[in-house]
Amino acid sequence: MNKLAKVFVIAEHMGAMQELVSGAAQLGESTALVWAGDKGQAVGADTVYYLGELNNDRILEHYAPSIINLVKTEQPNLVLVESSRKGRLMAGTLAAALGTSVLADATEIIIDNGVVTKRMVYGGAALSSERSSAPTTVATVSPGVFETAAAGKAANLVEVPFVAPATSVKCRERKTKAGESVNLRAAKRIVAVGRGFTAPEELKLAEQLAAAIGAEVGCTRPIAEEEKWMDKARYIGVSGVMAKPELYIGIGISGQVQHMVGVSSARTIVAINSDKNALIFKQCDYGIVGDLKNVLPALLAQLGK
Ligand SMILES: Cc1cc2nc3c(=O)[nH]c(=O)nc-3n(C[C@H](O)[C@H](O)[C@H](O)COP(=O)(O)OP(=O)(O)OC[C@H]3O[C@@H](n4cnc5c(N)ncnc54)[C@H](O)[C@@H]3O)c2cc1C
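Residues numbered from 1 in each chain as written. Predicted model: local features only at pLDDT ≥ 70, side-chain atom pairs only at ≥ 80, totals over all residues. Heavy atoms only, no water.

1. Considering the site of the ligand
Link 1 in the chain: Close to the ligand lie 25 residues, the nearest being Arg195, Thr220, Ile236, Ser239 and Ser254.
Link 2 in the chain: Measuring from an oxygen atom of the ligand, one finds a side-chain N or O atom of His259 at 3.0 Å.
Link 3 in the chain: Taking Ser274, its main chain carries an N or O atom lying 3.2 Å from a nitrogen atom of the ligand.
Link 4 in the chain: Here the ligand loses 75% of its free accessible area of 990 Å² to cover by the protein chains.
Link 5 in the chain: Among the elements of the structure, helix 5 (221-226), helix 6 (257-260) and helix 7 (292-304) are those that each provide at least two residues to the shell around the ligand.
Link 6 in the chain: In terms of residue class, the shell around the ligand is made up of six nonpolar, 14 polar and five charged. (Near = heavy atom within 4 Å. Polar contact = N/O pair within 3.5 Å; in protein donor to acceptor, adjacent residues only side chain to side chain. Areas by Shrake-Rupley, 256 points an atom, 1.4 Å probe, with all protein chains shown as cover. Helix = DSSP H or I, 4+ residues; strand = E, 2+ residues; numbered from the N terminus. Nonpolar A, V, L, I, M, F, W, Y, C, P; charged D, E, K, R; others polar.)

2. Description of the packing of aromatic side chains
Link 1 in the chain: Summed over the entire model, instances satisfying the criterion amount to two aromatic pairs.
Link 2 in the chain: Aromatic side chains Tyr63 and Phe162 sit 5.6 Å apart centroid to centroid with 80° between the ring planes, which places their arrangement in the edge-to-face category. Here Tyr63, found in the loop between strand 3 (47-52) and helix 2 (64-74), pairs with Phe162, found in the loop between strand 10 (156-159) and strand 11 (189-193); they are 99 residues apart in sequence, far enough to count as distant.
Link 3 in the chain: You can call Tyr63 buried: its relative accessible area is 1%.
Link 4 in the chain: Lying across the ring of Phe162, Arg58 places its NZ or CZ 3.6 Å from the centre. (Phe/Tyr/Trp six-rings, centres within 6.5 Å; stacked < 30°, edge-to-face > 60°. Buried < 20%, exposed > 50% of the residue type's maximum accessible area, 1.4 Å probe, protein only. Lys NZ or Arg CZ within 6 Å of the ring centre and 35° of its normal.)

3. Considerations on helix 1 (residues 14-27)
Link 1 in the chain: A rise of 1.5 Å per residue sets the reference length of helix 1, with its 14 residues, at 20 Å; its end C-alpha atoms lie 20 Å apart and thus fit the reference within 8%.
Link 2 in the chain: All of the buried residues in helix 1 are Ala16, Met17, Glu19, Leu20, Val21, Ser22, Gly23, Ala24 and Leu27.
Link 3 in the chain: Where the residues of helix 1 are buried, they touch strand 1 (4-10), strand 2 (28-36), strand 4 (78-82), strand 6 (108-111) and strand 9 (137-141). (Expected span 1.5 Å × (residues − 1). Contact = heavy atoms within 4.5 Å.)

4. Focus on the pattern of salt bridges
Link 1 in the chain: Using the criterion set out here, one finds ten salt bridges in the structure.
Link 2 in the chain: A salt bridge links Lys6 to Glu74; the shortest N-O distance between them is 3.2 Å. Of this pair, Lys6 sits in strand 1 while Glu74 is found in helix 2, placing the two residues 68 residues apart along the sequence.
Link 3 in the chain: Using a relative accessible area of 24% as the deciding quantity, one classes Lys6 as partly exposed.
Link 4 in the chain: The residue Glu159 makes a salt bridge to Lys39 at a minimum N-O spacing of 2.7 Å. Of this pair, Glu159 sits in strand 10 while Lys39 sits in the loop between strand 2 and strand 3, and the two are 120 residues apart along the sequence. (Salt bridge = Lys/Arg side-chain N within 4 Å of Asp/Glu carboxyl O.)

5. Brief notes about the sheet that holds strand 6
Link 1 in the chain: Read across the sheet, three strands follow the order 6-7-8 without closing on themselves; strand pairing throughout is antiparallel. Where the open sheet ends on each side, the last strands, each with one partner, are strand 6 and strand 8 (126-132). Across the sheet, the mean angle separating the axes of adjacent strands is 25° when strand polarity is ignored.
Link 2 in the chain: Sheet analysis places strand 6 next to strand 7 (residues 115-121), joined by four bridges and oriented antiparallel. Paired with Ile110 across the bridge in strand 7 is Val116. (Pairing = 2+ DSSP bridges. Axes fitted to C-alpha atoms, helices over the stretch in contact; angles between N-to-C directions.)

6. Considerations on the domain arrangement of the protein chain
Link 1 in the chain: Segmentation of the protein chain into domains returns domain 1 (4-159) and domain 2 (184-304).
Link 2 in the chain: Its C-alpha centre places domain 1 at a distance of 33 Å from the equivalent point of domain 2.
Link 3 in the chain: Domain 1 puts eight residues into the contact, and the matching count from domain 2 is seven residues.
Link 4 in the chain: Taking both sides of the interface into account, the surface hidden between domain 1 and domain 2 amounts to around 620 Å²; carbon and sulfur atoms contribute 64%.
Link 5 in the chain: Three residues, Met120, Gly123 and Pro143, lead the burial of domain 1 against domain 2; their summed loss comes to 58% of the area buried on that side.
Link 6 in the chain: Between Glu147 and Lys244 there is a salt bridge; the shortest N-O distance is 3.9 Å.
Link 7 in the chain: Here the side of domain 1 that touches domain 2 is built from residues that sort into four nonpolar, three polar and one charged. (Domains from an automatic or database assignment. Buried area = accessible area lost by both parts, 1.4 Å probe.)

7. As for the environment of Thr148
Link 1 in the chain: Here Thr148 lies in the loop between strand 9 and strand 10.
Link 2 in the chain: Taking C-alpha positions, Thr148 is 28 Å from Leu209, a pair spaced 61 residues apart along the chain.
Link 3 in the chain: The residues contacting Thr148, other than those within four sequence positions of it, are Gly15, Gln18, Glu19 and Ser22.

8. Focus on the sheet that holds strand 10
Link 1 in the chain: In spatial order, the strands read 5-9-4-1-2-3-10; together these seven strands make up an open sheet with parallel pairing. Either end of the sheet is taken by a strand with one partner, and the two such strands are strand 5 (102-106) and strand 10. Here the strands of the sheet are splayed against their neighbours by 25° on average, with no regard to which way each runs.
Link 2 in the chain: Pairing of strand 4 with strand 9, which is carried by five bridges, proceeds in the parallel orientation. Bridging from a neighbouring strand, Val79 pairs with Val138 of strand 9.
Link 3 in the chain: The strands that helix 3 (residues 85-98) touches are strand 1, strand 4, strand 5 and strand 9; relative to strand 9, the one it contacts most, it runs at about 170°.

The following block contains the structure:
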């Protein structure tokens, strides 16, 4: 693949930072990470531009003028930004300062006479391709687009002078978010449940299967958003988690595109559905036609042997 001369990464979370730094190495001859917070975590790129601490008096947004100065001086060809809330804000601020616009939520980045990104539109039903002609392209990148590579130590650490923002937001309080902490993106195996489950008690069957094969439990959006039987962090799809498991077992799930794009990179897809015409059977490697209330106990009995 063609490479760009210089690719920068702006990230706020470790996982995204590792993915983007690995992506930057695929796309650029030289890579740099722009990082605030724990200095020891900033590894993997050729250069680390260290912004400073993160605390209640200094939040990521305060570093926007410093980042803009740095990018204007260093002129990277591409800046990959984590697609988090703060990342998207930073990407917009940076792009506006550079007189360009953001290529948003890239699911693929191609270097072909410039930067071309692809992203999902119409709830995942289609892909839109966008080309940037800006000297510095700013792109936000969806999670899971790049595989994390084993990170070596950063060769060169540069302290970036702080440029105070003209106006600033103050962080007044931090609270731990109530709810579960689950990282389906990192899960190797996922057992996912859909509306084929008609009562929360039935989810036990899926949880037992997950426990038996060392999987995390995921779900479709209606199970989390409408039934509220599971935490939102567990729903998979275009508006939820994009997962990349080795094994995905979808149970009582119809296979609508908005859900299935979230597991399109799964190595093996297994479907269990009582309707032999369910869409999911067109997208799976192995399918079992049957009522989950019969199939799951039978599977559990086999696994228990
Ligand atoms: C803009 C937009 C974004 C969306 N984003 C997401 C998203 O990110 N993630 C997501 O999941 N959805 C998303 N959706 C919703 C999505 O379109 C589907 O409505 C949803 O995924 C369907 O969930 P389901 O498969 O659980 O339910 P259903 O479509 O109702 O399917 C239930 C399935 O269970 C089967 N079944 C019934 N009884 C049994 C039984 N006893 N045993 C076995 N099988 C049985 C049925 O045959 C059926 O196929 C989005 C929708 C929109 C419009």
